[in-house]
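Fold and contact review
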Amino acid sequence: MGIISLITGWPGPSGYGSATTAEQVTAGIDASDLTVVITGGASGIGLETSRVLALRGAHVIIAARNMEAAKEAKQNIIKNNQNAKVDLLQLDLSCLKSVKAFADNFLALNLPLNILINNAGIMFCPYQLSQDGIEMQFATNHLGHFYLTKLLLDKLKSTASATGIEGRIVNLSSVAHLHTYKEGIRFDAINDKDSYSDKLAYGQSKLANLLHANELSRILKEEGANVTVNSVHPGLIMTNLMRHSLNFMRIMNLLTYVLWKNVPQGAATTCYVAVHPDMKGVSGKYFLDCNEWPASDFARDPKLAKKLWDYSNHLLDSLLQHT
């Protein structure tokens, strides 16, 4: 795999490449015994992931902040697939109360949970703090998903144990994890406004997604749990995620147009890692274009992963005491 594969779409070792679509990568897969929670599943590549997994028979629970958009997304999925099993639950990842409410509401449904796709995110937004007082990109992209995964982990493990079907957690990271602050994660300056960079803060949050996945994968392997955790870079796709920096991204698109994907291609790697049989037993890896890819040195640093894990737990404990 290399730049030539990215440009040409030639397949890598998995048999798939940058030109592969989500429907192609899931062709022939029966997901009718799977229940999937996907954050941000009502728009962009999240919606395409929801649509394709529902097409393959999965029961898809879309976790969305905007319920009107989620209702419209559900209608569009069902319009083209009347047998689709899609449910909606509200979730605002930037608010810990909302994350807890979502988890409580989902668990009250008494459904199994086979797959958790931490897909939602924000990108390049101006400096602001979440309701809980944390820099918004770190709060939404990392901490909200960290807390959600923590709340749903026992359900994932118990479902895997009861059914014998491997549970899977997929974190959507980004190649942007390479472009972060010089120390990787600014543990002592998460909320520092004066030195804030929207691009570096995004990269930091995407690095955190990778580190979270890697440390959780290590813990689950030690426990012997039948649940895998992997990270993916979906590719460069022009979606509403880029609403805070449209001019910048349009220039990037113009300069690097051969590397950009459409939405069906952008959802392919997520779907591959979530349901493809070749992913059985694979954990703690980073995937791009449906193939394993080397992440940054920061992302592969187990000490940094453990430090972020502990930091995130301490931060959660501190914030939850005040909610």
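Quick note: structure is the one above.
All values reported here derive from a predicted model rather than from experimental measurement.

In this section: the overall build of the chain. Scanning the chain from N- to C-terminus turns up 11 helices and eight strands. The proportion of buried residues among the 323 residues of the chain is 57%. Pairs at least 24 apart in sequence give 77% of the contacts found in the chain among residues at least 6 apart. Total accessible area computed for the chain in this model is approximately 13900 Å², and 52% of it derives from carbon and sulfur atoms.

How two helices sit against one another is set out by the angle between their axes and by the gap between those axes. For the pair helix 6 (residues 136–163) and helix 7 (residues 198–223), the least separation of the axes is 8 Å and the interaxial angle reads 20°. Here helix 6 is positioned roughly parallel relative to helix 7, judged by the angle of their axes. Crossing of helix 6 against helix 7: the hand is right-handed. Between helix 6 and helix 7, the contacting residues are Gln137, Phe138, Asn141, His142, His145, Phe146, Thr149, Leu153 and Lys157 on the first element and Asp198, Ala201, Tyr202, Gln204, Ser205, Lys206, Ala208, Asn209, His212, Leu216, Leu220 and Glu223 on the second. Along the lines of polarity and charge, the residues of the contact of helix 6 with helix 7 split into eight nonpolar, nine polar and four charged.

Of all hydrophobic cores here, the largest spans 51 residues; its most connected members are Phe102 and Phe106. Beyond its immediate chain neighbours, meaning those up to four positions away, Phe102 contacts Val37, Ala63, Leu89, Gln90, Leu91, Leu148 and Leu152. Counting residues in hydrophobic clusters, the runner-up holds 39 residues, among them Tyr16, Ile29, Ala268 and Cys290.

With that settled, consider the pairing of strand 3 (residues 85–90). Across six bridges, strand 2 (residues 59–64) lies against strand 3 in parallel orientation. Its bridge partner being in strand 3, His59 is matched across the sheet by Lys85. The β-α-β motif built from strand 2, the intervening helix 4 (residues 67–80) and the parallel element strand 3 has right-handed crossover chirality.

Let's shift gears to the layout of surface pockets. What the second largest pocket holds in volume is close to 240 Å³. Around the second largest pocket, the lining is made up of 15 residues, and of these Leu34, Ile165, Glu166, Arg168 and Val275 lie nearest the centre. Taken together, the residues that form the lining of the second largest pocket break down as eight nonpolar, two polar and five charged.

Turning our attention to the pairing of strand 4 (residues 115–118). Neither face of strand 4 is left uncovered, since the one carrying Ile115 and Ile117 and the one carrying Leu116 and Asn118 both have all their residues buried. Bridge analysis of strand 1 (residues 35–39) against strand 4 gives three bridges, and the strand direction is parallel. By the bridge assignment, Val36 is partnered in strand 4 with Ile115. Bridge analysis of strand 4 against strand 5 (residues 167–172) gives four bridges, and the strand direction is parallel. By the bridge assignment for strand 5, Leu116 is matched with Ile169. Regarding the hand of the β-α-β motif, the stretch spanning strand 4, helix 6 and strand 5 is right-handed.

Here we take up the packing of helix 3 (residues 44–55) against helix 10 (residues 268–275). The interhelical angle for the contact between helix 3 and helix 10, taken along N-to-C directions, is 45°, at an axis separation of 9 Å. For the element pair helix 3 / helix 10, the angle class is oblique. The crossing of helix 3 and helix 10 is right-handed. Residues Thr49, Val52 and Leu53 of helix 3 lie in contact with helix 10, whose contacting residues are Thr270, Cys271 and Val275. Of the residues that constitute the contact of helix 3 with helix 10, the class distribution is four nonpolar, two polar and no charged.

A few words on the environment of Glu166. Of note, Glu166 is situated in the loop between helix 6 and strand 5. Remark: the alpha-carbon pair of Glu166 and Ile115, spanning 51 residues in sequence, is separated by 8.9 Å. Residues within four places of Glu166 in sequence aside, it is in contact with Asn114, Asn226, Thr228, Met279, Lys280 and Gly281. A polar contact is formed between the side chain of Glu166 and the side chain of Arg168, at a distance of 2.9 Å. In terms of polar contacts, Glu166 uses its side chain to reach the backbone amide nitrogen of Gly281, at 2.7 Å.

Below, the discussion takes up unusual backbone geometry. The phi angle at Phe124 is positive, at roughly 55°, despite the residue not being glycine. Mapped onto the fold, Phe124 is located in the loop between strand 4 and helix 6. Of note in the backbone geometry, Cys290 takes a positive phi value of approximately 65° without being a glycine. Examined against the element boundaries, Cys290 turns out to sit in the loop between strand 7 (286–288) and strand 8 (291–292).

This part covers the side chain of Asn230. Take Asn230: it is sitting in strand 6 (residues 227–233). Engagement of the side chain of Asn230 in a polar contact is seen with the backbone oxygen of Val282, the distance being 2.9 Å. Leaving out residues up to four positions away in the same chain, Asn230 has contacts with Ile169, Val170, Asn171, Ala213, Val273, Met279, Val282, Ser283, Gly284, Lys285 and Phe287.

Okay, the sheet that holds strand 3 next. In sheet architecture, strand pairing relies on hydrogen bonds along the backbone and comes in two forms, parallel and antiparallel. Ordered in space as 3-2-1-4-5-6-7-8, the eight strands form an open sheet in which the pairing is mixed. Only two strands of the sheet have a single neighbouring strand rather than two, namely strand 3 and strand 8. Across the sheet, helix 5 (residues 96–108) touches strand 1, strand 2 and strand 3, and the angle it forms with strand 3 is around 145°. On the sheet, helix 7 packs against strand 5, strand 6 and strand 7 and is oriented at approximately 160° with respect to strand 6.

Calculation notes
Residues numbered from 1 in each chain as written. Predicted model: local features only at pLDDT ≥ 70, side-chain atom pairs only at ≥ 80, totals over all residues. Heavy atoms only, no water. Helix = DSSP H or I, 4+ residues; strand = E, 2+ residues; numbered from the N terminus. Buried < 20%, exposed > 50% of the residue type's maximum accessible area, 1.4 Å probe, protein only. Contact = heavy atoms within 4.5 Å. Areas by Shrake-Rupley, 256 points an atom, 1.4 Å probe, with all protein chains shown as cover. Axes fitted to C-alpha atoms, helices over the stretch in contact; angles between N-to-C directions. Parallel < 35°, antiparallel > 145°, perpendicular 65-115°, else oblique. Left-handed = near helix turned anticlockwise from the far one by under 90°. Nonpolar A, V, L, I, M, F, W, Y, C, P; charged D, E, K, R; others polar. Core = buried A, V, L, I, M, F, W, Y, C linked by side-chain atoms within 4.5 Å. Pairing = 2+ DSSP bridges. Right-handed = clockwise from strand over helix to strand, strands pointing away. 1 Å grid on protein atoms, 1.4 Å probe; cavity = no way out; pocket = protein on both sides within 12 Å on 5 of 7 lines; lining within 4 Å. Points joined across faces, edges and corners; volume = space filled by probe spheres on them. Polar contact = N/O pair within 3.5 Å; in protein donor to acceptor, adjacent residues only side chain to side chain.

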